[in-house]
Amino acid sequence: MNITKTLDAKGLACPMPIVKTKKAIDAIKSGEVLEVVVTDKGALNDIPAWAKSGGHTVLEQKTEEDVLYFYIQKA
Amino acid sequence: MTVYKWTAAEVARKVIDKEELFILDVRNHDAFEDWKIEGHKFEYLNIPYFELIDGVEEILPKLPTDKEVLVVCAKEGSSVMVAEMLSEAGREVAYLEGGMKSWSSYLEPIKVSDLENGGEIYQFVRLGKGCLSYMVISEGEAAIIDAVRFTDVFTNFAKEKGVEIKHVFDTHLHADHISGGRHIAAATGATYYLPPKDATEVVFDYTPLTDGLNIKIGASQIDVNAFYSPGHTIGSTSFIIDNQFLLTGDILFIDSIGRPDLAGLAEDWVDDLRETLYSRYRELAEDLVVLPAHFMIIDELNEDGTVARRLGDLFKENHGLNIEDEDEFRRTVTDHLPPQPNAYQQIRQVNMGKITPDNDEQTEMEIGPNRCAVR
């Protein structure tokens, strides 16, 4: 997986992780991959739901010691 | 326009007083479908906050201008964002302080009745989760039944009333919410009781709650009688208080009955459930007023916000008490059960004292409705 850009949203509370993820996605090209790193547990459901509503694909997500990683391919 | 901040207590008042309210819930659709703020006259619009980041213009026509609008999210942050955007668009709205997290924690104490010789019985209604706790007070003393984990609410209430908490009971080992029982007992020096059959795995000391146990509360000697009533769990025990009230725990609710599967033993316990509901309860006086440990739907609330109904009326009206055929009863309570409560296995572990999560983790575990019943 080729990561185009990484967004560090650790320590941010809802809604900021999604607000920043949206901005970051707007700034990359279709097909490129954004890595999002968050600690807010709300992201677990919200990022996939947001991605789906915008047609983006979550290629992979994982949790390592309370830190969540998402890999989102822009539609 | 001004953005108002409402507390869970203010929203609870609107539920109990059957007021109108328009709720704009900005959590994702799954979370909303699973669990929301229920009110008799509430209307809802569910649009996830992440669909509103670019603007709220599209939803403006869907929001009433002749009704109060409350924006709700999981913890508060997103509802503040959306409320401010609506305010900039010229709408007057409020957001819920602390979001669904604070809604889940809020307890409204309501007096159910006076008891003999100056005693009183209070019901603590946890609207967001459907949990009901009880405090029986009589001159100088109090007993608490099925306390939820917000122990301050109970200890402060006792202080206000000038009573000492002497006895704390759990009708069974809860699977849908974390009990505050033994923590209240530890903080006040009260005795903590739990049915021994539910307590085989607990790692703390407790006093056995067994059939026929009788406690007198305060100067007026209010009678608290334990009545073994298994079926939701093998240890489930009811209470008869002042010969007037029947506290049924999670065995019998107003519009439903307890489910026998939350400890993994539905097939084993279905006969106990049948026996309790169709024989043991049948022998009790029909004029006893049933006070359950949960409600499932808002229609179960009375005019004053309490959840209480005459036992005789439930024998007539509650579907779960009117399934004559035993096989049909068995199928009803073991097949097609609703999903289990969120994190119910972990919650049981917490209530056994085996794990000790921090406050945030406890809040996460208790997200969602209680789901202890079958209809």
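Conventions we followed
- Residues numbered from 1 in each chain as written.
- Chains lettered and ligands numbered in written order.
- Predicted model: local features only at pLDDT ≥ 70, side-chain atom pairs only at ≥ 80, totals over all residues.
- Heavy atoms only, no water.
- Pairing = 2+ DSSP bridges.
- Helix = DSSP H or I, 4+ residues; strand = E, 2+ residues; numbered from the N terminus.
- Axes fitted to C-alpha atoms, helices over the stretch in contact; angles between N-to-C directions.
- Contact = heavy atoms within 4.5 Å.
- Patch = residues over 30% accessible without salt bridge, like charges linked within 9 Å, V, L, I, M, F, W, Y side chains within 5 Å.
- Areas by Shrake-Rupley, 256 points an atom, 1.4 Å probe, with all protein chains shown as cover.
- Salt bridge = Lys/Arg side-chain N within 4 Å of Asp/Glu carboxyl O.
- Lys, Arg positive; Asp, Glu negative; His and termini not counted.
- Charge placed at Lys NZ, Arg CZ, Asp CG, Glu CD.
- Buried < 20%, exposed > 50% of the residue type's maximum accessible area, 1.4 Å probe, protein only.
- Domains from an automatic or database assignment.
- Buried area = accessible area lost by both parts, 1.4 Å probe.

(A) Focus on the sheet that holds strand S5 (residues 93–96) of chain B. All names here are of chain B. Spatially, S1-S5-S4-S2-S3 is the arrangement adopted by the five strands of the open sheet, whose pairing is parallel. In this open sheet, the two strands that pair with only one neighbour each are strand S1 (3–6) and strand S3 (41–46). Averaged over all neighbouring strand pairs, the angle between strand axes comes to 30°, with direction disregarded. Each of S1, strand S2 (20–25), S3, strand S4 (69–72) and S5 is contacted by helix H1 (residues 8–16), which is oriented at about 80° to S1, the strand it contacts most. In the packing of helix H3 (residues 77–88) onto the sheet, the strands contacted are S1, S2, S4 and S5, and the crossing angle to S5 comes to about 175°.

(B) Geometry of a negative patch on the surface. All names here are of chain B. Taken together, Glu324, Asp325, Glu326, Asp327 and Glu328 make up a surface patch of like negative charges. Among the secondary structure elements, glutamate 324 is positioned in the loop between helix H8 (311–317) and helix H9 (326–334). For glutamate 324, a relative accessible area of 66% puts it in the exposed group.

(C) Seen up close, the domain arrangement of chain B. Residue and element names in this part refer to chain B. Entries for chain B in the domain assignment read domain 1 (3–103) and domain 2 (107–374). One C-alpha centre belongs to domain 1, the other to domain 2; they are set 32 Å apart. The interface is formed by 12 residues belonging to domain 1 together with 15 residues belonging to domain 2. With both sides pooled, the region where domain 1 packs onto domain 2 buries about 1300 Å², and carbon together with sulfur makes up 60% of that total. The largest contributions to the domain 1 side of the interface with domain 2 come from Ile16, Trp35 and His40, which together make up 41% of the buried area. Put simply, domain 1 and domain 2 have four salt bridges between them. Glutamate 108 is the salt-bridge partner of arginine 13, the closest N and O atoms lying 2.8 Å from each other.

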